[in-house]
Number of protein chains: 2
Amino acid sequence: MTSQKVFNFSAGPAMMPSEVMHGVQNEFLNWRGLGVSVAEISHRSQYFLDIAAQSKNQLRELLNIPENYHILFLPGGARTQFASVPMNLMGDYQQAAYVQTGYWGYVAQTEASRYLSINTIVNAEHNHYTHIPDQKTWADFSDCAYLHYVDNETIHGVEFDFIPSAQNVPLVCDMSSNLLSRPFDVSKYGLIYASSQKNVAISGITIVIIRDDLLQRKPHAALPSIMNYALQVKHDSMWNTPPTFEWYFADQVFQWIKKQGGLSVMAKHNADKAKKIYDYLDSQSFYQNKINKQHRSRMNVIFHLPTPELDAAFVKQAQENHLFGLKGHKILGGIRASIYNAMPMEGVDQLIAFMKQFALLNIP
Amino acid sequence: MTSQKVFNFSAGPAMMPSEVMHGVQNEFLNWRGLGVSVAEISHRSQYFLDIAAQSKNQLRELLNIPENYHILFLPGGARTQFASVPMNLMGDYQQAAYVQTGYWGYVAQTEASRYLSINTIVNAEHNHYTHIPDQKTWADFSDCAYLHYVDNETIHGVEFDFIPSAQNVPLVCDMSSNLLSRPFDVSKYGLIYASSQKNVAISGITIVIIRDDLLQRKPHAALPSIMNYALQVKHDSMWNTPPTFEWYFADQVFQWIKKQGGLSVMAKHNADKAKKIYDYLDSQSFYQNKINKQHRSRMNVIFHLPTPELDAAFVKQAQENHLFGLKGHKILGGIRASIYNAMPMEGVDQLIAFMKQFALLNIP
């Protein structure tokens, strides 16, 4: 057993709020005095239906979700949504618009291309995904079924600093890694989805927020029922047995966020943490981050050391110093410090202190 | 907080083994001394890859799964498999064979009928799903892509007492409610699937066991990648971020079963529990079970009281007596006592004692 506090910078499954973890552990065997675990009760029981209703109400309140939007809790993660979105929203359209500002935008587009033509209206790959191109430079998408983008790219460490203007085209956004990290205007969107394992809960459940009118679109004939938004709306996300423990966990996280003061407090907290690390990165030259300052992710801070060997040594020694999960994604290598809602400022301070010490000992 | 032990007869999400629940709670905040939860570590970390590998090895050992079968851990439950099976296995076939011996066989067939023609080779609905028709009475299925059946019907309380002979047609089985409850010959099957929330783990993960040659079949062109068996085999069930906590939980359950003595011990235990309840049911006339004796489920014991009002009073008073989750499925009403692996004989004894007492006080 470790006695010192560990700070977990994993990109996802990620660190959950300490208070939530303790609360979940405390009532794990005996939920609400029933003598059984919340993980052992029927999703059709009134007990669980109460959790489901409460979680939706809380999310609606936290995000200020208008009444003409439905909230779903579905299995399968964002990868499932990469297919669900085109299959549900294609209607009679010939093509969909995709924005590529990192790896996940590319993967989402690749899956969608199996169902309809793709209009890649902007692609930042030529610039190694280090910025978000100004919307003035994007191609026309007025005849598209929808406009899809990824608000925060976890691998490339790039985050949108604006909501694209989509006029009459439904705006679809993968917010897997930054939903609940700040307030934003839901009414600008047609559909928002987010897998759980960053800011929402442990892995295994996916939030979908969909505007009512989009349920009228004719889906792909082969759409598996489990992925059918209209059907799941009709069945209150219980057409199947949902991942009940994750759903309950998400509800606990929503309560925690509310207790912290809501999303504006989260936003300030996250901005402060990110600023501290980026300010340090900008103050020295041993660690490199090449992302356009305006588009640096507040959730995933990526950087490289002078050599891959030093990257590896950094990750190893960081873990020995109780800083966990700093290894970058295999696609980019380097270091990635994920600082979602649950990461306290203390963790960021310890990371920076370790970075300073490591640099001192390893500068050539 | 309740002080008396509660026995949970929920059909699923269901009671998990008490030792597993305690073990999971104990290490929930600090797994293997890492200072972080197993629910907070990356699925790509060596820590989690070890769990994934160990869980597969253990399952292979428990079920004696031949080397030419792949084991997958997927999201989405059995409902997802209702679409995955036809979409992956249709190849150039025109139709698939379905056996209807209860509600879930019907639902599986309905979803499959969206992808290919269905040959319902036997249908026990005319007899209110109270028995498994002899295979001699089944229609021919030799030209079908596969033969699908549900080994245990949780709502109708009917369980197969034999493995159908399928000759050269791949046998596909939904074992969601009885996988791990007894040993059986995996080599008779082409594909076996099971959602987790009965004998495997808490809800949210699905086991698929598939024979290697079936991965060669050409899938439906619109098959979502997340549901593509061959792709998931290639990526070791990690094409997506898996529901890591459920996967870990399943691994804990596998260890527990092994510690109990394996599946033959489970089978004896389950047969003994079921016999005790059915023997009591057969000894009186207040509670009614109309299932053909040979096909009574060892997992889900269903019965009715003389009136729906008495059913409701029974469920309510049972819970007051620490017997939880006995309400029957809304389709059939009545009572359902689910007695999966985790239910100890003590729970069955207390249920029977309560039934005797309730009957005594309520016999007209």
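Residues numbered from 1 in each chain as written. Chains lettered and ligands numbered in written order. Predicted model: local features only at pLDDT ≥ 70, side-chain atom pairs only at ≥ 80, totals over all residues. Heavy atoms only, no water.

Student: Just to check I follow, could you spell out the side chain of Arg79 of chain B for this structure?
Tutor: Position of Arg79 of chain B relative to the elements: it lies in helix H3 (residues 77-89). Lacking a salt bridge, the buried Arg79 of chain B has Glu111 of chain B as its closest oppositely charged neighbour, with an N-O distance of 6.8 Å. Not counting residues up to four positions away in its chain, the partners in contact with Arg79 of chain B are Ile226, Trp239 and Asn240 of chain A together with Tyr103, Trp104 and Val107 of chain B. (Helix = DSSP H or I, 4+ residues; strand = E, 2+ residues; numbered from the N terminus. Buried < 20%, exposed > 50% of the residue type's maximum accessible area, 1.4 Å probe, protein only. Lys, Arg positive; Asp, Glu negative; His and termini not counted. Salt bridge = Lys/Arg side-chain N within 4 Å of Asp/Glu carboxyl O. Contact = heavy atoms within 4.5 Å.)

Student: Help me out: how do you make sense of the packing of aromatic side chains in this one?
Tutor: In this description, an aromatic ring pair is defined by two values, namely the gap between the centres and the angle between the planes. In total, this model carries 56 aromatic pairs over all chains according to the counting rule given. An angle of 80 degrees between the planes, with centres 5.6 Å apart, marks the rings of Phe48 of chain A and Trp247 of chain A as edge-to-face. Of this pair, Phe48 of chain A sits in helix H2 (residues 46-63) while Trp247 of chain A sits in helix H6 (residues 244-260); the two residues are 199 residues apart in sequence, bridging distant segments of the chain. Here Phe48 of chain A and Trp247 of chain A have matching classes, each one buried. Their ring planes at 80 degrees and their centres at 4.9 Å tell us that Tyr103 of chain B and Trp104 of chain B sit as a pair that is edge-to-face. Tyr103 of chain B sits in the partly exposed class, given a relative accessible area of 23%. (Phe/Tyr/Trp six-rings, centres within 6.5 Å; stacked < 30°, edge-to-face > 60°.)

Student: Sorry, what's going on with the pattern of salt bridges here?
Tutor: A side chain with one charge may pair with a side chain of the opposite charge, provided their charged atoms come close. Residue and element names in this part refer to chain A. Tallying each qualifying case throughout the model produces 26 salt bridges over all chains. For Asp282, the salt bridge goes to Arg296, with nearest N and O atoms at 2.8 Å. Note that Asp282 is positioned in helix H7 (residues 263-282) and Arg296 in the loop between H7 and strand S11 (300-303), a separation of 14 residues in sequence. Here Asp282 falls in the partly exposed class, since its relative accessible area comes to 38%. Here the residues in one salt-bridge network are Asp282, Lys293 and Arg296, joined through shared partners.

Student: Looking at this model, I keep getting lost on the pairing of strand S2 (residues 69-74) of chain A. Mind explaining?
Tutor: On a regular strand, one side chain projects to one face of the sheet and the next to the other, so that they alternate. Residues and elements named next belong to chain A. Here S2 lies mainly inside the structure; five of its six residues are buried. Pairing of S2 with strand S10 (residues 206-211), which is carried by six bridges, proceeds in the antiparallel orientation. The partner of Tyr69 across the bridge, within S10, is Arg211. (Pairing = 2+ DSSP bridges.)

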